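Residue strings, one per chain:
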Amino acid sequence: MNTLAQTQNASKTPARATILRPALSVLATLTLITGLAYPLATTVVAQLTMPNQANGSLVVDENGKVVGSALIGQQFDKPGEFWGRLSATGNKPYDGVNSGGSNLGPSNPALIKAVSARIDALKKADPGNTRPIPVDLVTASGSGLDPDISRAAAYYQIPRVARVHGIGEAQLKALVDRTASRPLFGYFGEAKVNVLALNRALTKLH
Amino acid sequence: MNSSFLLLMIAFLAVLGLTVRPMGAWMAPMAEGRFANGAFARFDQRLLRLMGVDANTGMGWKQYTLALIVFNALGALLLYALQRLQGGLPFNPQHFGAVSADSSFDTAVSFVTNTNWQGYSGESTMSYLTQMMGLAVQNFLSAATGIAIAFALIRGFSRRESTDVGNFWADVMRITLYLLLPMAFVMALVLVNQGVLQNLSSYVSYTGFAGHAQTLAMGPVASQEAIKMIGTNGGGFFNANSAHPFENPTALTNFLQMLAIFIIPAGLCHVFGRLVKDTRQGWAILAIMTLIFVACAIGVAAFEQQGNPLFGKLGIDQLASALQAGGNMEGKEVRFGISASSLFAAVTTAASCGAVNAMHDSFTALGGMIPMWLIQLGEVIFGGVGSGLYGMLVLAILAVFVAGLMVGRTPEYLGKKIEPYEMKMVALAILVTPTLVLLGTSVAVLTGAGQAGVANPGPHGFSEILYAFSSAANNNGSAFAGLSANTPFYNGMLAAAMWFGRFAMIVPVMALAGSLAKKKILPVSNGTMPTHDALFVVLVIGTVLLVGALTYIPALALGPIVEHLSLWAGH
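Per an unreviewed UniProt entry, chain B carries the name Potassium-transporting ATPase potassium-binding subunit and comes from Crenobacter oryzisoli. Of the comments in the UniProt record for chain B, the one headed Subunit (unreviewed entry) reads "The system is composed of three essential subunits: KdpA, KdpB and KdpC." Listed in UniProt under the heading Subcellular location (unreviewed entry), the comment for chain B reads: "Cell membrane".

The name given to chain A in an unreviewed UniProt entry is Potassium-transporting ATPase KdpC subunit, and the organism recorded there is Crenobacter oryzisoli. Per UniProt, the comment on chain A under Subunit (unreviewed entry) is "The system is composed of three essential subunits: KdpA, KdpB and KdpC."

Have a look at this one:
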């Protein structure tokens, strides 16, 4: 800790030397360390030890072709597929370079319109299904790239998918339960089903 | 609200509580400005001498403040230049051109002030070099600046009859290299393990499983994500921020991200207690923060779980069950559901982080109002790294002053007499942000350029503008993101709010630090009001809520409260 006199002495040296020199050297040093050395070192370690995750957890089919990422949702809209969340990304749904939500407020008529359009599409594909629709199936996700739906949302779609493929509903329910991931320690996180994994498992049933 | 939310919050606070002492022990030597003699201390001295810094030379508060402002202004210039020149620089596989002048200016100010308000969309605007060497660097440096100021203010309390509040250069170097960098490196690798990207590749294109073409943005995400949370910065690598599966892929990363936001602000309370040689003082401050936080977080979860009344008529199931989270899922991710989205929203707005894992614009009227109000309280409930503690200490001084008036004694806090000069600085520091928020909102509401940005009709549109200025002036950075804010009007207005919200508050806080350091420390007597007991906690909570309520309830009544009432009335 300084005495009064020492500090006054220090403040007599020209401001340029006491402020600008350390300002520039500290900024340059920390920029190189935190802006280049740190991210590049992290990249090297990540690429050497965890290349799969570091490069996007890509999913490859039997022929070695990339068909998606385990973490990123895709558009599914055929009656024979399990559908995912609504996606409000850019000009087309599930646009991986334009992430984002709808940002529609709870009282916005445009929200009710988007939700109603989804309900109509679900009803049209499965007119006999009168059960209440799980909310995540009619709302847009925050990222627009949500890979998951709730188990309720998967169950809701079973009658439609079963009819299209001529598979028993019980068999599909077992498939959903097999694909679903449980919350961590039974409590952290949500009971969810990865839609891409579910649809891939579905084609393997044939 | 349901039991899963309560369990999550309790687990979160319990883990956070366990970090307080170790974090305090880690940071206290930096705050004291000295390390035990040995190889490390020698390395530290030599490194600083290389920078032209003599760590043993202290600074007066004016010199400290000047150094801080010069350092931050130079940082802003560098970040501006990087954005403007990125087209010709390396690490740009997508060949992004220069960012526009007004957006670059807004973003430079935004990241230097620890706000990280983002008018741009990361994955379609910024080169990897700009992300790494521009944005992420300021994630480190703005955080270090905030912590340095907290250190200076703590020294104001702990030192007696001194003009020395520390050496800014030594503080920034030490905080960045010995605290933030090791934390960020470890966290980045954990994030990668869970699925966060860390590469320098160009974007990946393929034909998806169902036959739709898809392109995925890539990049060095994890290294930036880690410091984004640890430094309470909040600026996402991608537009969707922590809602993006490549930024925040699992329940575990979400938990870690929330923890990373609070870990330094909570630990700093303990540093405060250690330096004033009475750790109870630090725990009291932490208790104040925690109590307000818990009440607000429960509120958010309750309103979000309640869902949207307009959905009931459409035959939608919003009830929570073992099979679904239910509630208001618009703008939320299934892997986070209502519980982890609500808790994250409370954490990110209590602290001035501003990262989001769900879109606040789509929250229910009152579920979205609470995060906005947490911001408006001045980012003192944990708050930004450093800024949360110094903001809270300013309010604690106000509380002590009010108590002193009630009993007719000269108020003192930790043996430091609180006199007219200190109260002037406190008043200035408290009044800066409300002035910026309310004036800025009024100007935007009254001008065509301001109204043009609004995305949602009715009172919600007003909420979008109010949220934007609250977020900017209090250096939070989250948004009701429907607002189209990447316009010259908003870029200019919000940049001004961010800059003055940060530095016009820092100057009186530093003046306070300087003036407190000069004072004697009076011994505790019979008449001294204890500042570590329940009465003091209640008194400060009252002060925080009163200042926040009186300032903002009229404005909130025009936005979220009207929206809530009309929604539930069925309109």
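## A word on the nonpolar core
Ranked by internal contacts, the top residues of the largest apolar core, which has 201 residues, are Leu180, Ile264, Phe293, Ile381 and Tyr413 of chain B. Counting residues per element, this core draws most heavily on helix 6 (residues 168–194) of chain B, at 18 residues. For this core, the two domains that each supply at least three residues are domain 1 (2–53) and domain 2 (57–205) of chain A. With 39 residues, the next largest nonpolar core counts Trp83, Leu111, Val135 and Tyr155 of chain A among its residues.

## Some details on the interface of chain B and chain A
Taken together, the 121 residues of chain B in the interface contact 106 residues of chain A. The contact between chain B and chain A buries some 8800 Å² in all, and 67% of this surface belongs to carbon and sulfur atoms. Per-residue buried area on chain B facing chain A is highest for Phe209, Leu323 and Val334 of chain B; these three make up 9% of the total on that side. Taken together, the connections running from chain B to chain A amount to zero salt bridges. At the junction of chain B with chain A, the criterion picks out 39 residue pairs in polar contact (both at pLDDT 80 or more). Top element by residues in the side of chain B that touches chain A is helix 6 of chain B. It accounts for twelve residues. The residue inventory of the side of chain B that touches chain A, partitioned by class, reads 70 nonpolar, 40 polar and eleven charged. Direction of pairing for strand 3 (residues 133–134) of chain A relative to strand 3 (residues 316–317) of chain B: parallel, over a ladder of two bridges. Note on strand 3 of chain B: the bridge partner recorded for Pro134 of chain A is Asp317 of chain B.

## Quick look at the environment of Phe503 of chain B
All names here are of chain B. Locating Phe503 in the fold gives a position in helix 17 (residues 488–518). The class of Phe503 is buried, set by a relative accessible area of 5%. Phe503 sits 111 residues away from Met392 along the chain, and the two C-alpha atoms are 17 Å apart. Dropping the residues within four chain positions of it, Phe503 is found in contact with Leu68, Ile69, Asn72 and Thr113.

## Considering the pairing of strand 2 (residues 66–69) of chain A
All names here are of chain A. As paired strands, strand 1 (residues 58–60) and strand 2 are joined by three bridges and run antiparallel to one another. Its bridge partner being in strand 2, Val59 is matched across the sheet by Gly68. Counting the residues that bridge the hairpin from strand 1 to strand 2 gives five residues, and of these Gly64 lies at a positive phi of roughly 80 degrees.

## Re unusual backbone geometry
Positive phi outside glycine occurs at Thr232 of chain B, with the angle close to 45 degrees. The topology assignment puts Thr232 of chain B in the loop between helix 7 (221–230) and helix 8 (251–275).

## Section: the confidence of the model for chain A
Residue and element names in this part refer to chain A. Per-residue confidence for chain A gives a mean pLDDT of 91, with 90% of residues at or over 70. When pLDDT is averaged over each helix and strand of chain A, the minimum, 43, is found for helix 1 (residues 4–10) and the maximum, 98, for helix 3 (residues 51–54). Across residues 1–12, where pLDDT falls below 50, the model places 17 contacts with residues more than four positions away in sequence or in other chains.

## Considering the environment of Tyr390 of chain B
Residue and element names in this part refer to chain B. Locating Tyr390 in the fold gives a position in helix 13 (residues 387–407). Each C-alpha atom, one on Tyr390 and one on Gly24, is 16 Å from the other, the two residues being 366 residues apart in sequence. Ignoring anything within four residues of it in the chain, the contact list for Tyr390 reads Gly146, Ile149, Ala150, Leu153, Arg502, Met505, Ile506 and Val509.

## Some words on the domain arrangement of chain A
Per the domain assignment, the segments of chain A are domain 1 (2–53) and domain 2 (57–205). For domain 1 of chain A versus domain 2 of chain A, the distance between C-alpha centres works out to 47 Å.

## Some words on the packing of helix 13 of chain B against helix 14 (residues 420–446) of chain B
Residues and elements named next belong to chain B. Direction vectors running N to C along helix 13 and helix 14 enclose 125 degrees, while the axes themselves pass 10 Å from each other. What the angle tells us is that helix 13 and helix 14 run oblique. Both helix 13 and helix 14 take part in a crossing whose hand is left-handed. Only Met423, Val426, Ala429 and Ile430 of helix 14 make contact with helix 13, whose side of the interface consists of Val394, Leu395, Ile397, Leu398 and Phe401. A breakdown of the residues in the contact of helix 13 with helix 14 according to their chemical character gives nine nonpolar, no polar and no charged.

About the criteria used
Residues numbered from 1 in each chain as written. Chains lettered and ligands numbered in written order. Predicted model: local features only at pLDDT ≥ 70, side-chain atom pairs only at ≥ 80, totals over all residues. Heavy atoms only, no water. UniProt positions renumbered as here; feature names shortened; annotations may be inferred. Core = buried A, V, L, I, M, F, W, Y, C linked by side-chain atoms within 4.5 Å. Buried < 20%, exposed > 50% of the residue type's maximum accessible area, 1.4 Å probe, protein only. Helix = DSSP H or I, 4+ residues; strand = E, 2+ residues; numbered from the N terminus. Domains from an automatic or database assignment. Contact = heavy atoms within 4.5 Å. Buried area = accessible area lost by both parts, 1.4 Å probe. Salt bridge = Lys/Arg side-chain N within 4 Å of Asp/Glu carboxyl O. Polar contact = N/O pair within 3.5 Å; in protein donor to acceptor, adjacent residues only side chain to side chain. Nonpolar A, V, L, I, M, F, W, Y, C, P; charged D, E, K, R; others polar. Pairing = 2+ DSSP bridges. pLDDT = per-residue confidence, 0-100. Axes fitted to C-alpha atoms, helices over the stretch in contact; angles between N-to-C directions. Parallel < 35°, antiparallel > 145°, perpendicular 65-115°, else oblique. Left-handed = near helix turned anticlockwise from the far one by under 90°.

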